[in-house]
Amino acid sequence: MSKLHVTTTINGEEVEFLCTPAQTVLDVLRNTLGLTGSKEGCGTGDCGACSITLDGRLVCSCLVLAPEIRGRKVGTIEGMAQGDRLHPLQQKFLEMAALQCGICTPGFLIAARSLLEQNPDPSETEVRYWLAGNLCRCTGYDKIVRAVLETAADMRGAA
Amino acid sequence: MNAIDNKWIGQRTIRPDGADKVTGRAGYSADNAMPGMIWAKILRSPHAHANIRGIDTAKAAALPGVKAVVTARDITEFPVDTPVMLGIQDMRWMSRNVMAREKALFHGHPVAAVAAISEEIAAEACRLIEVEYEVLPHVIEIEDAIRPDAPLLHDFLRHEGKPSNIASTMVNKLGDIEAGFASADVIIERSFKTRPVHQGYIEPQACTVSCTADGKVTIWSSSQGQFMVRAMTALLTGIPQSSIRAIPAEIGGGFGAKTVIYLEPIAVLLSRKSGRPVKMVMSRDEVFRATGPTSGSMSTVKIGAKKDGTIVAAQGTFHIQAGCLPGGPVRGPVGCSFAPYEIANVLSVGYDVVSNRSKVTAYRAPGAPLGAYATETVIDELAETLGIDPLELRLKNSAGKGTKAAYGAVFGDVTFKETIQAIRNHPHYAAPLDRAPAKGVRRGRGVASGFWYNAGGESSAQLNITEDGNVTVTTGHPDVGGSRASIANVAAELLGIDHSRVSVLIGDTSSIGFSNLTGGSRVTFASAMVVTQSAEKVITQLRERAAKIWKIEPEAVAWSDGEARPAGANAGQFPPLTLKELAAKANEMGGPIGAGVQLTTTGADPGFATHVVDVEVDEELGIIRVLRYTAAQDVGRALHPDYVEGQIQGGVVQGIGWALSEEYLYDKQGRLDNASFLDYRMPVCSDVPMIEPVVLELPNPKHPQGVRGAGEAPLVPPLAAISNAVYDALGKRFYSLPMSPPKVMEVLGG
Ligand code: FES
Ligand code: FES
């Protein structure tokens, strides 16, 4: 099968790759581009471990075909910190132990960032419903929700 | 909570592996790649039960791009009549689980595997393998499997002399059960059913394996024990352990299920045949179908008490699903169900029942939640019948120092009472509850308790002082949820240095001594013990170095706040020597500084938990929601409170899923019907409230920091606590799980 040539922007950098028409973005990120921060928990859109942003919108990268990102802007966990400065959510997740095994963490961070971009002052219920597409089996969600709420408060204070 | 004035132990420090995990850099099982790597796929049985008459792999092997094919013939054969134990696992069954031999025993049972230059070609080659099956009648549910006319899975299993699907029986006995019941004023007997639930870790099993021409094997995979990976792979492939290096990848959740392996030996054999590194990654469908879950159960519990609430007799019969091969967690319900209570007469019997399901694996406090579900529900009914508060009834009968448990232990300083009191005194237990907040909505409150043995076992650690005076600690235990953070706290505390100067690593099987599994709530207990002993040895070395420099006796040197000081006025007047200064002088004063300890740790004390929960039942939709949850547990000492709380919170939410929504559903052909996260419904963020942990720290006197263990006990009480709360709301009892909407409607309708 002949492969497709795709040019796209990932975390602000122009990237080219070859893929089959059936390959997912998650597959290309992980297995072609070596960006293994996005995780595959299910491959069917049910766990959120593969969360990325596509032109600023939160999507499951396991549900997007790789040729579809041609000419678009992709954001992954690898682009969340600015150089050696962690994003406030990343820092708060560390400080508040919002991860145990950590496999769900990249997905939660990407999803939470996208929440706070749209709603800087979410209620606990809003956080819980926004993050309902991300499964975590370790934490019981408690510390994750708290970390997101507290980051939102900090960011509002700083703004 | 703890009066001990520690600088680092008990602090909420930032975990050593944290930055890697929030930036996506941490390397989990599926994140590895090797040069020249090829991909492997597994062909799985389409039948729940079938004899395998023959396997023809010729067409698959001939497909361009295919590099190797393996079947059970390539795997070490263990005759069924001779046990080969590795810990609690019997390799006779492990080998047949990894690859079907005589028979396919469940839908999804591996039959063959192919390695090829791409995943697509490997999958296509699997389709070209011709397997001749003779389909057999299958059996899924326990009640069907134990019928006299049930289809038999194995002709070598016998129960009471007859061929059977009951693989083994376990009995715990205390006192005289008949006399006990004869002396009771009230006797309550109930039967219960639960369905298998999956551990639900988000990271599917995966591995990358390289077998080189000289027979040396490198395995990159996540597990709850790299030494288990090495040993099982060695046994299943015939390669000596010394030729296998198992590297522990970061683990994306295990909860017991990653105490066994599925892929590694197959990947090793494929790599050996093909001469190429091989990568295998399970799909979620495969994870559901062919790994885990934990057992479903059928239990009957009978408890007799005096009018004043004294429990005089307790009897339990627990049928536990093993899956397709023997080895269900029978010891969990048999031993744990009545252990929290001082009961003179106990008879607890468990049966390990095989059926055409994937072989079960451990899930937090293996089996104990099943038993507690039954026992703690009967105790709730007993409390109501006797008109005694359910916590008071538990308190009255609670085990204490000197209590003899039916499983054999005589308890030391156990702390069950304290967990009950913590809940009784918690504002949650006294908080008013609006029982009917709206039409068709009812609320209720329930409590339950639970017990887990906890465990010690083999652990190794190496603590080295770097040339620049900092510290590296290596242990042999995968970190499933923050154990590195706890170890860093311990090492910093003992050496008296800043936490940031300690780095903690998990060694591979060739770089650290044997360490048993991360599981059974043993890792913090055992690794803190070996790290403490290593630190003590290092401190002795440091004092000797200072003594040598000062030309005084080592006994005259004290170690405190990260430096050597003369111990008292008589020792002489010397300016202190810091760790950095001693490290800088290490080579001229006697060589590198460091020490390792390898030990079979003992002194683990059981863990107890008591929970209270408020639920709301929507009578129209049949939906049960948890509104408030408080969980008290004695952990001995919380070396890092965040990760102890996290264990409790995570365990409780797993319990909520078990109680309300999770179950394995099979169709008529014996195929799993809901092998996806969409259809197998684990709790999501919007399903649950905050979970309040009440962490009690009543130190275990047999541990240097007082640790008991944390990870298992939180999953023991929730099933019964939630069920009791639902009863409190509705006045109707459920005797089977999950209490999913269709079942709620059924109970309400009937
Ligand atoms: S891997 Fe994409 S949602 Fe699970
Ligand atoms: S931290 Fe393990 S799944 Fe979320």
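Rules of the game
Residues numbered from 1 in each chain as written. Chains lettered and ligands numbered in written order. Predicted model: local features only at pLDDT ≥ 70, side-chain atom pairs only at ≥ 80, totals over all residues. Heavy atoms only, no water. Salt bridge = Lys/Arg side-chain N within 4 Å of Asp/Glu carboxyl O. Buried < 20%, exposed > 50% of the residue type's maximum accessible area, 1.4 Å probe, protein only. Helix = DSSP H or I, 4+ residues; strand = E, 2+ residues; numbered from the N terminus. Pairing = 2+ DSSP bridges. Axes fitted to C-alpha atoms, helices over the stretch in contact; angles between N-to-C directions. Contact = heavy atoms within 4.5 Å. Buried area = accessible area lost by both parts, 1.4 Å probe. Polar contact = N/O pair within 3.5 Å; in protein donor to acceptor, adjacent residues only side chain to side chain. Phe/Tyr/Trp six-rings, centres within 6.5 Å; stacked < 30°, edge-to-face > 60°. Core = buried A, V, L, I, M, F, W, Y, C linked by side-chain atoms within 4.5 Å. Parallel < 35°, antiparallel > 145°, perpendicular 65-115°, else oblique. Left-handed = near helix turned anticlockwise from the far one by under 90°. Nonpolar A, V, L, I, M, F, W, Y, C, P; charged D, E, K, R; others polar. Domains from an automatic or database assignment. Expected span 1.5 Å × (residues − 1).

## Digging into the pattern of salt bridges
Two side chains bearing opposite charge may form a pair once their charged atoms approach each other closely.
Residue and element names in this part refer to chain B.
And step 1. Taken as a whole, this structure holds 55 salt bridges over all chains when the rule is applied.
And step 2. One salt bridge connects D90 with R92, and the closest N-O pair in it is separated by 2.6 Å. By the burial criterion, D90 is buried, and R92 matches it.
And step 3. A salt bridge links R195 to E141; the nearest nitrogen and oxygen atoms lie 3.5 Å apart. Of this pair, R195 sits in the loop between β12 (186-194) and β13 (206-211) while E141 sits in the loop between β8 (130-135) and α5 (142-145), placing them 54 residues apart in sequence.
And step 4. Overall, the relative accessible area of 29% leaves R195 in the partly exposed class.
And step 5. One continuous salt-bridge network, built from bridges that share partners, spans R15, D17, K21, E250, D479 and R484.

## A word on the sheet that holds strand β19 (residues 345-354) of chain B
All names here are of chain B.
And step 1. Reading across the sheet, the 5 strands line up as β11-β19-β18-β17-β12 and stay open at both edges, with mixed pairing between neighbours. Looking at strand neighbours, the two that pair on one side only are β11 (166-174) and β12, the edges of this open sheet. Each strand of the sheet is rotated relative to its neighbour by a mean of 10°, with strand direction disregarded.
And step 2. Looking at chain direction, β11 and β19 are connected through 8 bridges and run antiparallel.

## Quick look at the interface of chain B and chain A
When the parts come together, some accessible area is lost, and that loss is often what is quoted as the size of the interface.
And step 1. Contacts between chain B and chain A engage 52 residues on the former and 44 residues on the latter.
And step 2. Summing both sides of the interface, chain B and chain A together bury roughly 3,900 Å²; the carbon and sulfur share of this comes to 59%.
And step 3. Counting across the interface, chain B meets chain A through 4 salt bridges.
And step 4. Between the two partners, chain B and chain A, sit 21 residue pairs in polar contact (both at pLDDT 80 or more).

## Regarding the packing of aromatic side chains
And step 1. Taken as a whole, this structure holds 22 aromatic pairs over all chains when the rule is applied.
And step 2. On the basis of an interplanar angle of 55° and a centroid distance of 6.2 Å, the ring pair of F108 of chain A and Y141 of chain A is categorised as tilted. Residue F108 of chain A is located in helix α3 (residues 105-118), and its partner Y141 of chain A is located in the loop between α4 (124-130) and α5 (142-158); the two are separated by 33 residues in the primary sequence.
And step 3. For F108 of chain A, a relative accessible area of 1% gives the class buried.
And step 4. Residues Y407 of chain B and Y453 of chain B carry aromatic rings whose centres are separated by 4.9 Å and whose planes lie at 90° to one another, so their mutual orientation is edge-to-face. Of this pair, Y407 of chain B sits in the loop between α12 (390-397) and α13 (416-424) while Y453 of chain B sits in the loop between β20 (441-452) and β21 (457-465), and the two are 46 residues apart along the sequence.
And step 5. Judged by relative accessible area, which is 8%, Y453 of chain B ranks as buried.
And step 6. Every member of this aromatic cluster is reached through a ring pair, and the members are Y341, Y407, F411, F416, F451, W452, Y453 and F608 of chain B.

## Some remarks on the nonpolar core
And step 1. Counting 182 residues, the largest nonpolar core has F93 and Y141 of chain A together with Y629, I656 and I722 of chain B as its most contacted members.
And step 2. In terms of residue count, the dominant contributor to this core is helix α11 (residues 368-386) of chain B (10 residues).
And step 3. Those residues in contact with Y141 of chain A that sit more than four places away from it in its chain are F108, R128, N134, L135 and C136 of chain A together with V653, P683, V684, C685 and V688 of chain B.

## Observations concerning the side chain of T474 of chain B
Residues and elements named next belong to chain B.
And step 1. Tracing the chain through its elements places T474 in strand β22 (residues 471-475).
And step 2. Judged by relative accessible area, which is 16%, T474 ranks as buried.
And step 3. Look past the residues within four positions of T474 in its chain and what remains in contact with it is S460, A461, Q462, L505, I506, G507 and I512.

## Concerning the packing of helix α2 (residues 88-95) of chain A against α3 of chain A
All names here are of chain A.
And step 1. Two numbers describe how α2 lies on α3: the axes approach to 10 Å, and their chain directions differ by 130°. In terms of their interaxial angle, α2 and α3 are classed as oblique. You can see that α2 and α3 cross each other, and the crossing is right-handed. On the side of α2, the interface is formed by L89, Q90 and F93, while α3 contributes T105, F108, L109, A112, R113 and L116.
And step 2. Taken together, the residues of the contact of α2 with α3 sort by class into 6 nonpolar, 2 polar and 1 charged.

## What about the sheet that holds strand β26 (residues 577-578) of chain B?
All names here are of chain B.
And step 1. Read from one edge of the open sheet, 3 strands run β24-β25-β26, paired in antiparallel fashion. If you trace the sheet from one side to the other, it starts and ends with β24 (557-560) and β26, each paired once.
And step 2. As paired strands, β24 and strand β25 (residues 563-566) are joined by 4 bridges and run antiparallel to one another. When the sheet's bridge partners are listed, W559 is paired in β25 with A564.

## Let's talk about the domain arrangement of chain B
Residues and elements named next belong to chain B.
And step 1. Domain annotation of chain B identifies domain 1 (3-26 + 455-601), domain 2 (32-136 + 200-290) and domain 3 (297-454 + 605-747).
And step 2. Look at where the C-alpha atoms of domain 2 and domain 3 centre, and you get two points 35 Å apart.
And step 3. In this complex, domain 2 contributes 24 residues to the contact, which on the side of domain 3 involves 22 residues.
And step 4. Three residues, W93, F255 and F288, lead the burial of domain 2 against domain 3; their summed loss comes to 35% of the area buried on that side.

## Some points on the packing of α12 of chain B against α13 of chain B
Residue and element names in this part refer to chain B.
And step 1. Packing of α12 against α13 brings their axes to within 9 Å, and their N-to-C directions diverge by 160°. One way to sum up the angle between α12 and α13 is to call them roughly antiparallel. Crossing hand, α12 versus α13: left-handed. Counting all contacts with α12, which are made through L391, E392, R394 and L395, the residues of α13 involved are F416, K417, I420, Q421, I423 and R424.
And step 2. For the contact of α12 with α13, a count of residues per class yields 5 nonpolar, 1 polar and 4 charged.

## Quick look at the environment of V707 of chain B
Residue and element names in this part refer to chain B.
And step 1. Locating V707 in the fold gives a position in the loop between β30 (691-696) and α19 (718-730).
And step 2. Assessed through its relative accessible area of 2%, V707 is described here as buried.
And step 3. Sequence separation between V707 and A604 is 103 residues, and the spatial gap between their C-alpha atoms is 8.2 Å.
And step 4. Sequence-distant contacts of V707, defined by excluding residues within four places in its chain, comprise T524, F525, V635, R637, L639 and N700.

## As for the domain arrangement of chain A
Residues and elements named next belong to chain A.
And step 1. What the domain assignment lists for chain A is domain 1 (4-79) and domain 2 (88-158).
And step 2. The straight-line distance from the C-alpha centre of domain 1 to that of domain 2 is 22 Å.
And step 3. Contact residues are listed per partner, giving 14 residues for domain 1 and 13 residues for domain 2.
And step 4. Linking domain 1 to domain 2 there are 0 salt bridges.
And step 5. Counting the contacts that link domain 1 with domain 2 gives 3 residue pairs in polar contact (both at pLDDT 80 or more).

## Regarding the side chain of T475 of chain B
And step 1. Position of T475 of chain B relative to the elements: it lies in strand β22.
And step 2. With near-sequence residues (within four places) excluded, T475 of chain B lies in contact with S460, A461, L505, I506, G507, I512 and V531 of chain B.

## Quick look at helix α7 (residues 226-237) of chain B
Residue and element names in this part refer to chain B.
And step 1. Between its first and last C-alpha atoms α7 spans 16 Å; for 12 residues at 1.5 Å apiece the expected length is 16 Å, and the two agree.
And step 2. Burial of α7 is extensive: 11 of the 12 residues sit out of reach of the surface.
And step 3. Residues Q226, F227, M228, V229, R230, A231, M232, T233, A234, L236 and T237 constitute the buried set of α7.
And step 4. Just past α7, the residue G238 takes up positive phi, approximately 80°.

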